[in-house]
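# Tertiary structure, described
Below are the chains, spelled out letter by letter.
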Amino acid sequence: MTDVAVRPAEQLPGPVDRVGDAPDRAGRVFAVVVGVLVAASVIVRFTANQALWLDEAQSVAIARLPLGGSGVTMWDGLLQDGSPPLYYLVLHGWIAVFGETNLAVRSLSAVINIAAAWPLFVLARRVVNVRAAKVTVVLYLTSPFALYFGTETRMYSLIVLLTALGGLALERVLRAPSVRSVLGLSLAAGCLALTHYWCLYLLLTVAVWLIGLLTLRPWYRARRARQLGVASAAGAPSPPGAVSPSGLGASGLGSAGPGSAPNGPGSSLPGTASLARPGAGVADGGPTARPPGARSHRSSGRSASSGRSQTSGRSQTSGRYLTAQRRGPVYGLLGVIGGAIVFSPWLPNFFDQLAHTGTPWGEPASYAAISHAYGQWAGGPTTLGRLLLFLITGLAAAGIAGRSPGGRFILIDLRGLEPGRTMFFLATGTLVVAVTAGKLVGNAWADRYTATAFVPFLLVIGLGATVIGDRRVFHGVIAVAALVGLLAGTTDIRRERSQAGEAAQVLQRLAKPGDVMLVCPDQLGPGLARTVPSWLKVYVVPTYAPPDRVDWVDYEDRNKAADGQAIARRAVTEAGPQHTVFLAGSGSYRTYEELCTVVRGALQNARPHADEVMEQGLPAKVSENYSLLRFQAQ
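Residues numbered from 1 in each chain as written. Predicted model: local features only at pLDDT ≥ 70, side-chain atom pairs only at ≥ 80, totals over all residues. Heavy atoms only, no water.

## Quick look at a nonpolar patch on the surface
Together, L384, L387, F390, L483 and L487 make up a nonpolar patch on the protein surface, roughly 490 Å² of accessible area in all. Among the secondary structure elements, those contributing two or more residues to the nonpolar patch are α16 (383–401) and α19 (471–494). Looking at the nonpolar patch, the element that brings in the most residues is α16, giving three residues. Its place among the elements puts L387 in helix α16. (Patch = residues over 30% accessible without salt bridge, like charges linked within 9 Å, V, L, I, M, F, W, Y side chains within 5 Å. Areas by Shrake-Rupley, 256 points an atom, 1.4 Å probe, with all protein chains shown as cover. Salt bridge = Lys/Arg side-chain N within 4 Å of Asp/Glu carboxyl O. Helix = DSSP H or I, 4+ residues; strand = E, 2+ residues; numbered from the N terminus.)

Below, the structure written as structure tokens:
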């Protein structure tokens, strides 16, 4: 054990003013403050009305396409985009009811984002305890990461909702394996895969963990049993932290650690050892009481001798491989495999997208991106978010390995403790798989994609907060984290996401019917298509197609083969001697390093009277930034 306090561990005071003491005036004030912050975070999710950027506008353009007919359908749009269909089907129905204004389409994400709080609460209550569940929901609702994607017309809020529901389904399978629970897990896994392909990395990580329960846990139990047997034969006392084989964590990676108790304050994932983390359970009746709402699992509540005798009896009478300890992980693997069956009707489209689309806009990431993802989850890119990172890092460390001896002290077990250790494995493992897959197949990394592993991280920091034993410190940490998170998230939400609105105002003032505008790269087109005057002729480079959707099929090869001078000549010819040609462009996009420069140079040669009518915005102030040039008729 490592003492992170200054004083030696043996001089630590007993618990004073613990979190679980009866609520007083300060407790009621704390509840009111947190309630106000949570209510404000809910309202903030419905305030983003800036112009949509590429991904959002592309989502709307695909979702509003018809599901069938002789023309272009939503299925055609998805094949060109490289995305699975579930979110677009949901958005399609939402648009049919509420329309496609900026506020309307973003409200879908806000509603889903808020709805995810309930299954997240239930999951945290079952995996940890009631108090951790409350903290997890508060930190989720005020998280800058969750706030931002609660205001973006993309599938990331749906990923969080489905991940929480999938976690509940997995917990149910491990706690009470049955055909019904397997079907629920299969449906959740299939829906995740049909929402975003990065969810496949999460499902693979879960499958590896379940396989570990079947392979590493029996090996570790046998090893510990031999060690305990040798120690007993020699008459030596058991080593500190030693537990019986039946008390080992389900991860098979180590014991629950010193202070483990079968019916401790936190109920871990079924099959993982519950931990008596002092300070984690005091709010629920002390270190030996089971918290309200926490559910026990098969290994908890049994003595080592009864567990061994029951297991031995089953194996002798049945002789079957599927013992009680193996049934949960086996059923969990069946649920993941069932998710593949749910996903299977989409497989032909998936393989077509895999061969022809991808992420040509970015490069594969290094493993350093994993730590960057934790920074994004903790606080985000703003200054306040970086300050919040320090606080969340402490909570994460406490959630993974912290125990409270009482007062204002936290002890760190370098081996880690359950269930935080398992949650950290699932979150980090998913990111490791994502980076590795990106290196193998060339897919790019985007911080927004890491929403697939966000839920395990939330459970870790929720658990970490419950390790704080002092009530005043606990109240201060949660209130400060919620307040700073809300302020940082609000700042991030208010930042402009595209210059499409500014460009539209300029064009309304300077352009006239018959004028032509080229958009280079075409990734600027979907946002501009929603804002520019309808009478303006707008075409994207290099396809000279309408700007509402980007066609990602064989994208890089098409751009390399494009003739920028021919595209410029076509635009000048169409405009004629009486009309102006505009160019909305940026030279910072991958695969367009030279093409946009060639188009601009050709227009400059054909129309020397050129000026910049809109400056390119700073990345710190606007995400999707570009300039607007005017090439006037002579």
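## Some details on unusual backbone geometry
Looking along the chain, the bond that leaves E418 and enters P419 is cis, with omega of 0°. By the element assignment, P419 lies in the loop between β3 (409–412) and α17 (420–441). Between C520 and P521 the backbone carries a cis peptide bond, its omega angle lying at 10°. The phi torsion at T591 lies on the positive side, around 75°, for a residue other than glycine. Structurally, the position occupied by T591 is in the loop between β7 (581–585) and α24 (595–606).

## Here's the deal with helix α9 (residues 156–175)
Helix length check: α9 (20 residues) gives 28 Å between terminal C-alpha atoms against 28 Å at 1.5 Å per residue, within 8%. Of all the 20 residues making up α9, 18 are buried; the element is thus mostly covered by neighbouring parts of the structure. (Expected span 1.5 Å × (residues − 1). Buried < 20%, exposed > 50% of the residue type's maximum accessible area, 1.4 Å probe, protein only.)

## Digging into the packing of helix α15 (residues 368–378) against α17
Between α15 and α17, the shortest axis-to-axis distance is 10 Å and the interhelical angle comes to 125°. When the interaxial angle is binned, α15 and α17 end up oblique. As α15 runs across α17, the sense of the crossing is right-handed. Along its contact with α15, which presents I370, A373, Y374 and W377, the element α17 presents F424, A427, T428, L431, V432 and V435. (Axes fitted to C-alpha atoms, helices over the stretch in contact; angles between N-to-C directions. Parallel < 35°, antiparallel > 145°, perpendicular 65-115°, else oblique. Left-handed = near helix turned anticlockwise from the far one by under 90°. Contact = heavy atoms within 4.5 Å.)

## What to know about α19
For α19, with 24 residues, the first-to-last C-alpha span of 35 Å sits near the 34 Å given by 1.5 Å per residue. One side-chain oxygen at the N-terminal end of α19 lies 3.0 Å from the backbone nitrogen of R472; it belongs to D470. (Polar contact = N/O pair within 3.5 Å; in protein donor to acceptor, adjacent residues only side chain to side chain.)

## A closer look at the state of the cysteines
In this structure the tally under the stated criterion is one disulfide. In this model, C520 is linked to C596 through a disulfide, with the two sulfur atoms separated by 2.0 Å. Here C520 and C596 share a disulfide; its torsion about the S-S bond, -95°, makes the bridge left-handed. Of this pair, C520 sits in strand β5 (residues 516–520) while C596 sits in helix α24; the two residues are 76 residues apart in sequence, bridging distant segments of the chain. Just as C520 is buried, C596 falls in that class too. (Disulfide = S-S within 2.5 Å.)

## So, empty space enclosed by the protein
This structure, assessed with the given rule, holds nine cavities of 30 Å³ or more. Estimates place the volume of the largest cavity at around 280 Å³. T163, G166, G167, L170 and V206 are, among the 20 residues lining the largest cavity, the residues nearest its centre. At the level of elements, α6 (117–127), α9, α10 (179–193), α11 (199–233), α17 and α18 (454–466) are the ones that each hand at least two residues to the lining of the largest cavity. Taken together, the residues of the lining of the largest cavity sort by class into 17 nonpolar, three polar and no charged. Approximately 80 Å³ is the volume attributed to the second largest cavity. Surrounding the second largest cavity, 13 residues form its lining, L139, S143, A378, I392 and I461 being those nearest its centre. (1 Å grid on protein atoms, 1.4 Å probe; cavity = no way out; pocket = protein on both sides within 12 Å on 5 of 7 lines; lining within 4 Å. Points joined across faces, edges and corners; volume = space filled by probe spheres on them. Nonpolar A, V, L, I, M, F, W, Y, C, P; charged D, E, K, R; others polar.)

## Quick look at the pairing of strand β2 (residues 402–406)
Extensive coverage of β2 is indicated by the burial of four of its five residues. Taken together, the three bridges between β2 and β3 define a ladder with antiparallel strand orientation. Paired with R403 across the bridge in β3 is L411. Once β2 ends, the chain turns through two residues before running back antiparallel as β3, passing G407 with a positive phi of about 65°. (Pairing = 2+ DSSP bridges.)

## Comments concerning the nonpolar core
Grouped together as the largest cluster of nonpolar side chains are 125 residues, with contacts concentrated most on Y140, L210, W377, W445 and F454. For this core, the leading source of residues is α9, giving 11 residues. With near-sequence residues (within four places) excluded, W445 lies in contact with W198, W361, E363, A365, A369, I370, A373, L431, A434, V435 and T450. By size, the runner-up hydrophobic cluster in this structure holds 47 residues, among which are M517, C596, L603 and V613. (Core = buried A, V, L, I, M, F, W, Y, C linked by side-chain atoms within 4.5 Å.)

## Topic: the side chain of D522
When you line up the elements, D522 lands in the loop between β5 and α21 (525–529). Buried and without a salt bridge, D522 has R558 as its closest oppositely charged side chain, separated by 4.1 Å. Among the polar contacts listed, one links the side chain of D522 to the side chain of Y592, at a separation of 3.1 Å. When sequence neighbours within four positions are dropped, the list of residues in contact with D522 reads V540, V541, V550, Y555, R558 and Y592. (Lys, Arg positive; Asp, Glu negative; His and termini not counted.)

## Remarks on the pattern of salt bridges
Under the definition given, this model contains 15 salt bridges. Measuring nitrogen to oxygen at the nearest pair gives 4.0 Å for the salt bridge that ties D55 to R154. Residue D55 is located in helix α2 (residues 54–63), and its partner R154 is located in the loop between α8 (144–149) and α9; the two are separated by 99 residues in the primary sequence. Neither D55 nor R154 differs from the other in exposure class; each is buried. Between D413 and R415 there is a salt bridge, with the nearest N and O atoms lying 3.5 Å from each other. Overall, D413 belongs to the buried group, its relative accessible area being 3%. With relative accessibility at 46%, the residue R415 sits in the partly exposed group.

Worth remembering: the numbers are spatial, not functional.
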